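Observations on chain architecture
Single-letter residue listing:
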Amino acid sequence: MSHLQRTLVVLKPDAVARGLVGKVIERFENAGLKIVATKMRIMDADFTRQHYFDLEERHGKDIYDATAAFMQSGPVLAMVLEGVDAVANVRRLVGGTYPNEVAPGTIRGDFAHQSKAAAVAAGIAIANLVHASGNVDEAKQEVELWFGESEQFEYHTVAESFTFGTH
Ligand code: ADP
């Protein structure tokens with residue numbers, strides 16, 4: 001089906017430790033996105049490097065190191081979401097990187113308020129609850145990194161019967 005995409009979402013250690021897993025997932029389910037894979041894991045140094053392979057290039061070593069330490073500080077909950085233009089739609093629901101700059105109604109805007117300046121001053125990563133693939137190519141590569149074929153599922157939801165007109 002055209003426009004149908006799969007994208008990776010990772011609920012970061014702050015979302016898990018703050019007990020916000022249910023509330024965050026609810027945002028995606030409410031929008032009709034379908035969970036087709038999920039797992040909890042601890043990210044080690046190698047896997048973090050694979051996941052954030054271009055982060056050091058984009059933001060420098062200090063921010064890479066702070067982000068890697070944060071991502072490895074506790075278990076994360078990863079999932080693959082499927083839907084129409086899922087990559088862009090999930091990013092829209094998540095909001096931009098810096099919680100203090102993004103609109104209320106987004107996950108990062110509603111559940112955090114950290115700023116870039118405050119994080120840099122403290123030498124810590126921005127705890128913004130969710131990672132979501134940035135574009136379609138990244139989504140394909142990230143889904144493959146986190147999940148094998150046998151860990152991804154196909155089933156029907158009521159929501160998609162309205163999205164695709166099959167009700
Ligand atoms: P996004 O997660 O919004 O796609 P990036 O891929 O640029 O953003 O960065 C990955 C993660 O690294 C961010 O979500 C955040 O947790 C952390 N990060 C990015 N920039 C900074 C910064 N200036 N200070 C602290 N942490 C940062």
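Structural notes, computed from the coordinates.

Calculation notes
Residues numbered from 1 in each chain as written. Predicted model: local features only at pLDDT ≥ 70, side-chain atom pairs only at ≥ 80, totals over all residues. Heavy atoms only, no water. Buried < 20%, exposed > 50% of the residue type's maximum accessible area, 1.4 Å probe, protein only. Helix = DSSP H or I, 4+ residues; strand = E, 2+ residues; numbered from the N terminus. Pairing = 2+ DSSP bridges. Phe/Tyr/Trp six-rings, centres within 6.5 Å; stacked < 30°, edge-to-face > 60°. Contact = heavy atoms within 4.5 Å.

1. Remarks on the pairing of strand 1 (residues 4-11)
The element strand 1 is largely enclosed, with a buried count of 6 among its 8 residues. In this structure, strand 1 lies alongside strand 4 (residues 130-132), joined through 3 bridges in antiparallel fashion. If you follow Val10 over to strand 4, its bridge partner there is His131.

2. Section: the packing of aromatic side chains
One pass over the structure, following the stated rule, counts 1 aromatic pair. When the centroid spacing of 4.7 Å and the interplanar angle of 80° are considered together, the rings of Phe47 and Trp146 count as edge-to-face. Of this pair, Phe47 sits in helix 3 (residues 45-51) while Trp146 sits in helix 9 (residues 136-146), placing them 99 residues apart in sequence. Across the pair, exposure class does not vary: Phe47 and Trp146 are buried alike.

3. A look at the environment of Lys12
The residue Lys12 is located in the loop between strand 1 and helix 1 (13-17) in this model. Expressed as a C-alpha distance, the spacing of Lys12 and Leu129, which sit 117 residues apart in the sequence, is 5.1 Å. In contact with Lys12, other than residues within four places in its own chain, are Tyr52, Phe70, Met71, Val76, Arg108, Asn128, Leu129, Val130 and His131.

4. With respect to unusual backbone geometry
In this model, Asp85 sits at a positive phi of 45°, which is unusual for a non-glycine residue. Structurally, Asp85 is set in the loop between strand 3 (76-84) and helix 6 (86-94). For Leu129, which is not glycine, the phi dihedral falls at a positive 70°. Locating Leu129 in the fold gives a position in the loop between helix 8 (116-122) and strand 4. Owing to a relative accessible area of 0%, Leu129 belongs among the buried residues under this scheme.

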